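Coordinate analysis (summary)
One letter stands for each residue in the lines below.
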Amino acid sequence: MTITARPDGSAPRPEDFYRTMRLIRRFEERAMDLVRSGEIVSGIHPCIGQEAVAAGTGAALRRDDIMLANHRGHGQLLAKGSQPGRLLAEMAGRTTGVARGRGGSFHPSDFSVGVLGSTGSVGHGAPLAAGAAWALARSGSDRVAVSVFGDGAVNQGALLESFNLAALWQVPVVFICENNLYATTLPIGANVAGSVTGRAEAFGIPAESVDGMDPEPVYAAVARGVARARAGHGPTFVEFRTYRFEGHHTFELTTRPRYRDPEEVARWQARDPLALQAGRIPEDLRGQIDAEVEVIVAEAVRYALAGPKPDPADARQYLYASGLQTRPGVAARAEERTV
Amino acid sequence: MPKLSYTRALNQALAAEMERDPAVFVLGEDVRHALTNVTVGLFDRFGPERIVETPLSEQAVTNFATGAAMAGLRPVVEYQIPFLLLLVFEQIVNQANKFPMMSGGQARVPVTYLLPAAGWRSGWGAQHSDEPYSLFAHYGVKTVVPATPADAFGLFTSAIRDDDPVVVFAPIGSLAMRQDVTPGDLVPVPLGTARVHREGHDVTVVAIGHLVYDALAVADQLADQVSIEVLDPRTLYPFDWDALATSLAKTGRLVVVDDSNRTCGMAAEILATATEEMHLVAPPRRITRPDGAILGSVPELDLALQPSRQVLADTVLKVVKSG
């Protein structure tokens, strides 16, 4: 369904980007419906508006490259190749999800497409990606890793420390900042002293700032970083200037905090990346893709809601890779023990 | 019989595992020059790709290890000072230790966190003398505190081979210990298995880490008054509750000596579980540090706060007479 890097290195076609972006948009819209209906109890961090970054990034990566996503990561996973039904099942807490319902919307690991997961500590995926990429390079592989994070992450010490490690050790990692101008409610002007790219430049990491509302320059920028990484030339940093059309999290549907000027939101919505990309392909092809996506998303919803919820008796499963079982919170009484 | 020092045991275990498994490598500060002596000789033997000298960036390095582990390696991360574990606590308990569950069993995070000098250092001040093993047990992170050189070898080896994160605390009070060993003594010690250092029938003293030596000294000192069984849990998580229950079935009396703070410390958990589940004929007692700080650079003040042999002896005698 979605596209990943082509073996011959050629750029994807406009309709390829459109298909991925349309899928992400409709997937997120339907996911928000499932939040409203109570099927996704955590709520979600919708990535509507940021589809071009996900689609361009996914297209520049191979399926076996590693990705650390972030909390606004559904689009990133879909573009990396996750099955829409299995991702939605994960968000709805079903055992048929990519992580058997244990990761949920916030932490959906999907090792089948190289997505290790995401961290609650904002920006802490960057050192995870650097470590994974370093391990891959040491094994002689040409696989690379990317870490995707937002503008809120660029002041985290662990992220900046990882830039230093990646530059010192020429780690094949691409750091991708989705700058949507708000760290939850905090605007960029109150969040970032200096510049976003300046943080990477300080460590000697090549950095560029690119329009994140257009998948083609996104793809080109990530592909340059990936090529550098595969060639053994170390890390790259790309800032994508983008915008989320929805709230930080679906809790804003009810709390409705006012931290963005409606005119600002409207200005960015007028630059809808989906509309831009739709304009680049013939109308009949667009209609055909839209129809295909509707079928895929409808099937994903059906698959997700048909999946079983985990048995509470299995609540302590997977806590340890070694299979260690923790003791229950209520102790056995003395007479129940066998010594 | 050759004498093996505690630090040399850690060094031998690490060298053996690095030889056995090319996925094992070390991340740490000053490891090239082996400031803590754990990596002595290993840089020359294994090179910079496996003895990886890091900048002072503990949070990133800890997650770097987690990422490398999820990509198939077995990192050993060395932290020179106990408080560094507090700086990376979130990375260990909330990230590394949760990835297996959060990923529904896809991820393995076989990282060993080695603290080659844990606990009080005379005169080193307030920030260098903690021994925060109870915090990791509280969060269900596998945690070992070897008391002896042979156990240091065996538990460090098992920690490296384990598929989950494991924190290894080497108590400063044990580092000076040397032990007669034969090659047969240097074998992996399974995590979660206690060791009875001295058998007795009146009272069980559970002693953690270097306090095992204090418990053995008190058992000798009181030998004509009371028969003390000295139980060393060796692993704090998962704890060998069966071994404790077996010992208490015999003695029915319990004293725990623990270099944690009092509130929510390991001793509190041992007393609580014994009280809930095991055979006791008298109220159990614990000897811990008080809550709050080790005071700092005046050794006399610090020593006044730490578990001592005198307090242990007095407590044992009280417990034996009660109930």
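On to the overall build of chain B, then. Broken down by element type, chain B carries 14 helices and 14 strands. Taking 323 residues into account, the globule formula puts the C-alpha radius of gyration at 20 Å, and chain B, at 19 Å, falls close to it. Projected onto the principal axes, the alpha-carbon positions of chain B cover approximately 60 × 45 × 40 Å.

Within chain A, the regular secondary structure consists of 12 helices and 8 strands. A compact globule built from 339 residues would reach a C-alpha radius of gyration of about 20 Å, and chain A, at 21 Å, matches this within 12%. Across its three principal axes, chain A shows a C-alpha extent of roughly 70 × 50 × 45 Å. Relative to its full complement of 339 residues, chain A shows a buried share of 53%. Excluding contacts between residues fewer than 6 apart, the proportion of contacts in chain A whose partners are at least 24 apart in sequence is 76%.

Turning to the interface of chain A and chain B, a few remarks are in order. Of the residues lining the interface, 44 residues belong to chain A; the matching set on chain B comes to 43 residues. When residues of the side of chain A that touches chain B are traced back to their parent elements, those giving at least two are β2 (115-117), α5 (125-138) and α6 (157-168) of chain A. Sorting elements by how many residues they give to the side of chain A that touches chain B places α5(A) first, with 10 residues. Considered class by class, the residues forming the side of chain A that touches chain B number 23 nonpolar, 15 polar and 6 charged.

With that settled, consider the environment of A117(B). Residues and elements named next belong to chain B. Residue position: A117 is located in strand β5 (residues 112-118). Residue class for A117 comes out buried when judged on the 20 C-beta atoms lying within 10 Å of it. Residues A117 and T36 lie 81 residues apart in sequence; the distance between their C-alpha atoms is 8.0 Å. Once residues lying within four places of it in the same chain are set aside, the contact partners of A117 are T36, Q80, A170, I172 and L175.

Time to look at helix α3 (residues 58-70) of chain B. All names here are of chain B. Counted at 1.5 Å a residue, the expected span for α3 with its 13 residues is 18 Å, and the 18 Å between its end C-alpha atoms agrees. Counted residue by residue, α3 has 13 buried out of 13 residues, so it is predominantly covered. A positive backbone phi angle near 115 degrees is found at G72, which sits one or two residues after α3.

So, about the sheet that holds strand β14 (residues 285-289) of chain B. Residues and elements named next belong to chain B. Strand order in the open sheet formed by 5 strands is β9-β11-β10-β13-β14, with mixed pairing between adjacent strands. Lying at the two open borders of the sheet, with one neighbouring strand each, are β9 (195-198) and β14. Each adjacent strand pair in this sheet contributes to an overall mean axis angle of 25 degrees, direction not counted. With 3 bridges connecting them, β9 and strand β11 (residues 228-232) associate as antiparallel partners. Of the residues in β11, the one forming a bridge with R195 is D232. Running over the sheet, helix α14 (residues 309-321) touches β10 (203-207), β11, β13 (254-261) and β14 and is turned about 165 degrees from β14.

Our next topic: the nonpolar core. In this structure, A129(A), A132(A), A133(A), V173(A), V168(B) and V205(B) are the most contacted members of the largest nonpolar core, which totals 194 residues. With 10 residues, the top contributor of residues to this core is α5(A). If you count residues domain by domain, this core takes at least three from each of domain 1 (3-185) and domain 2 (195-318) of chain B. Residues in contact with A129(A), not counting those within four places in the same chain, are I66(A), L68(A), A145(A), V146(A), S147(A), V173(A) and G67(B).

Here we take up the pairing of strand β7 (residues 166-171) of chain B. All names here are of chain B. Counting buried positions along β7 yields 6 of 6 residues, so the element is predominantly enclosed. Here β7 shows no split at all, with V166, V168 and A170 on one side and V167, F169 and P171 on the other all buried. The sheet contact formed by β5 and β7 spans 5 bridges and is parallel. Residue pairing in the sheet places Y113 in a bridge with V167 of β7. Both strand β6 (residues 142-144) and β7 contribute to a ladder of 3 bridges, which runs parallel. Counted as the bridge partner of T143 is V167 from β7. Handedness of the crossover joining β6 and β7 through helix α8 (residues 149-161): right-handed.

Next up on the list: the packing of helix α10 (residues 211-221) of chain B against α14(B). All names here are of chain B. Two elements in contact, α10 and α14, have axes whose closest approach is 10 Å; the angle formed by their N-to-C orientations is 55 degrees. In terms of their interaxial angle, α10 and α14 are classed as oblique. Like other packed secondary-structure pairs, α10 and α14 cross with a definite hand, here right-handed. Facing D214, A215, A217, V218 and Q221 of α10, the residues of α14 in contact are R309, L312, A313 and V316. Of the residues contributing to the contact of α10 with α14, the split by class is 6 nonpolar, 1 polar and 2 charged.

It is worth spelling out the confidence of the model for chain B at this point. Of all residues in chain B, 100% have pLDDT values of 70 or greater, and the mean over the chain is 96. Predicted as a complex, the structure gets a pTM of 0.96 and an ipTM equal to 0.95.

On to the domain arrangement of chain B, then. Residue and element names in this part refer to chain B. For chain B, the assigned domains are domain 1 (3-185) and domain 2 (195-318). Computed over C-alpha atoms only, the centres of domain 1 and domain 2 are separated by 25 Å. Contacts between the two partners involve 27 residues from domain 1, matched on the other side by 22 residues from domain 2. Of all elements in the fold, only α7 (133-138), β6, α8, β7 and α9 (172-175) reach the threshold of two or more residues within the side of domain 1 that touches domain 2. Per element, the largest residue contribution to the side of domain 1 that touches domain 2 is 5 residues, and it comes from α7. Looking at the side of domain 1 that touches domain 2 residue by residue, the classes come out as 13 nonpolar, 11 polar and 3 charged.

α3(B) packs onto α5(A) with a crossing angle of 50 degrees between their chain directions and a minimal axis gap of 6 Å. One finds that α5(A) runs oblique with respect to α3(B). Between α5(A) and α3(B) lies a crossing whose hand is right-handed. Each of P127(A), L128(A), A129(A), A130(A), G131(A), A132(A), W134(A) and A135(A) in α5(A) lies in contact with α3(B), whose residues at this interface are A60(B), N63(B), F64(B), A65(B), T66(B), G67(B), A68(B) and M70(B). A breakdown of the residues in the contact of α5(A) with α3(B) according to their chemical character gives 12 nonpolar, 4 polar and no charged.

All names here are of chain A. Within the secondary structure, G307 sits in the segment after α12 (283-306). Placed 252 residues apart in sequence, G307 and A55 show a C-alpha to C-alpha distance of 27 Å. Each residue touching G307, except ones within four places of it in the same chain, is listed here: A89, R94, T95 and T96.

About the cut-offs
- Residue indices begin from 1 for each chain and proceed along its sequence in written order.
- As they are written, the chains are lettered A onward and the ligands numbered 1 onward, keeping that order.
- Whole-chain, interface and lining totals are the exception, using all residues; otherwise, since this is a predicted model, local features are given only for residues with pLDDT of at least 70 and side-chain atom pairs are given and counted only at 80 or more.
- Helix and strand assignments come from DSSP, with helices taken as H or I runs of at least 4 residues and strands as E runs of at least 2, each series counted from the N terminus.
- A radius of gyration in this sense is built from C-alpha atoms; the matching globule rule multiplies 2.2 Å by the number of residues raised to 0.38.
- Every C-beta atom is placed from the backbone, and the number of other C-beta atoms within 10 Å of a residue's own sets its class: buried at 20 or more, exposed at 12 or fewer, partly exposed in between.
- Here, residue contact means that the backbone-derived C-beta atoms of the two residues sit within 7 Å.
- When residues are grouped by polarity, Ala, Val, Leu, Ile, Met, Phe, Trp, Tyr, Cys and Pro land in nonpolar, Asp, Glu, Lys and Arg in charged, and all others, Gly among them, in polar.
- For a helix, the expected span equals 1.5 Å multiplied by the number of residues minus one.
- Should DSSP find at least two bridges between two strands, the strands are taken to pair.
- Every axis corresponds to a line fitted to the C-alpha atoms, with the helix fit spanning only the stretch in contact, and the corresponding angles, defined between N-to-C directions, vary from 0 to 180 degrees.
- What makes a nonpolar core is a set of buried Ala, Val, Leu, Ile, Met, Phe, Trp, Tyr and Cys residues, with links drawn between C-beta atoms within 7 Å.
- Throughout the structure description, domain borders are defined by an automatic or database domain assignment.
- When the strands point away from the viewer, a crossover counts as right-handed if the route from the first strand across the helix to the second turns clockwise.
- Working definition: roughly parallel below 35 degrees, roughly antiparallel above 145 degrees, roughly perpendicular at 65 to 115 degrees, and oblique for all remaining angles.
- Each crossing is labelled by how the near helix is turned from the far one, with a counterclockwise turn of less than a right angle marking it left-handed and a clockwise turn marking it right-handed.
- Residue-level confidence of the predictor is what pLDDT reports, using numbers from 0 through 100.

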